[in-house]
Amino acid sequence: MVEGILALSMVIIAVIGGIIIVLYLRKNLNIERMALIERGKDLKELWAPDRASSTALHIALVMIGGGIGLLVGDFLDHVADMEEVGYFAALFIFGGIGLVVAYVIDEKKRERREAKKRSEL
């Protein structure tokens, strides 16, 4: 009985939290739009940021990092008898490393693009 009430309350809290997050994001988006309108700028700046991020690269590197993390976690489980802790720790560490690598690659691409723009001027 207590487990059912706990599960139901967790679902209710998650739904209410999701609604609050959506409302907060919409409010901030409207504030940004109003600020752009007041400055006389185009609203396309809000939807088309300057940097061209490669989402596929980010996802791929996180997946590769996660796979390597699971392999390392399995290795730690068998060698050091760490059980589940090794899986989660290695998964998050190597997934984070994948994101850092994606960030570094994006920054290098952005720097090359800016250098190319400067050389054209």
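Computed from a prediction, not measured in an experiment: that's the story for all the values here.

1. So, helix H3 (residues 55–79)
It helps to recall that an α-helix has 3.6 residues per turn; residues three or four apart then point in one direction.
No. 1: Across its 25 residues, H3 extends 36 Å between first and last C-alpha, which sits within 8% of the 36 Å expected from 1.5 Å per residue.
No. 2: Among all positions in H3, only Leu-61, Gly-65, Gly-66, Gly-69 and Gly-73 are buried.
No. 3: Contacts from the buried residues of H3 go to helix H4 (84–120).
No. 4: Phi for Asp-81, located one or two positions after H3, is positive at around 55 degrees.

2. A word on the confidence of the model for the protein
Any segment with low pLDDT has predicted coordinates that should not be analysed in fine detail.
No. 1: When pLDDT is averaged across the protein, the result is 84; 92% of the residues are at 70 or more.
No. 2: Element-level mean pLDDT values for the protein span from 65 in helix H2 (residues 44–47) up to 90 in helix H1 (residues 2–39).

3. Comments concerning the packing of H3 against H4
Any two packed helices are characterised by the angle at which their axes cross and by the distance between the axes.
No. 1: Interhelical geometry of H3 versus H4 gives an angle of 150 degrees and a closest axis separation of 7 Å. The orientation of H3 with respect to H4, classified from their angle, is roughly antiparallel. Read as a crossing pair, H3 and H4 show a hand that is right-handed.
No. 2: Here the residues of the contact of H3 with H4 are counted per class, giving 15 nonpolar, 8 polar and 3 charged.

4. Let's talk about H4
No. 1: Here H4 contains 37 residues, and its C-alpha end-to-end distance of 54 Å stays within 8% of the 54 Å for a straight helix at 1.5 Å per residue.
No. 2: Residues of H4 that are buried: Gly-86, Ala-90, Gly-95, Gly-98, Ala-102 and Asp-106.
No. 3: Structurally, H4 contributes buried residues whose contacts are with H3.

5. Re the environment of Phe-92
No. 1: With respect to the element layout, Phe-92 can be found in helix H4.
No. 2: Note: C-alpha distance between Phe-92 and Leu-70 (22 residues apart in sequence) is 9.5 Å.

6. What to know about the pattern of salt bridges
No. 1: Using the criterion set out here, one finds 3 salt bridges in the structure.
No. 2: For Glu-107, the salt bridge identified is with Arg-110, shortest N-O distance 2.6 Å. You can see Glu-107 and its partner Arg-110 sitting in helix H4, 3 residues apart, about one turn around the helix.
No. 3: In this structure Arg-110 comes out as partly exposed when scored by relative accessible area, which is 25%.
No. 4: The partner of Glu-114 in a salt bridge is Arg-110, with the nearest N and O atoms 2.7 Å apart. Of this pair, Glu-114 and Arg-110 both sit in helix H4, 4 residues apart, which is roughly one turn of the helix.
No. 5: Here the residues in one salt-bridge network are Glu-107, Arg-110, Glu-114 and Arg-118, joined through shared partners.

Conventions we followed
- Residues numbered from 1 in each chain as written.
- Predicted model: local features only at pLDDT ≥ 70, side-chain atom pairs only at ≥ 80, totals over all residues.
- Heavy atoms only, no water.
- Helix = DSSP H or I, 4+ residues; strand = E, 2+ residues; numbered from the N terminus.
- Expected span 1.5 Å × (residues − 1).
- Buried < 20%, exposed > 50% of the residue type's maximum accessible area, 1.4 Å probe, protein only.
- Contact = heavy atoms within 4.5 Å.
- pLDDT = per-residue confidence, 0-100.
- Axes fitted to C-alpha atoms, helices over the stretch in contact; angles between N-to-C directions.
- Parallel < 35°, antiparallel > 145°, perpendicular 65-115°, else oblique.
- Left-handed = near helix turned anticlockwise from the far one by under 90°.
- Nonpolar A, V, L, I, M, F, W, Y, C, P; charged D, E, K, R; others polar.
- Salt bridge = Lys/Arg side-chain N within 4 Å of Asp/Glu carboxyl O.

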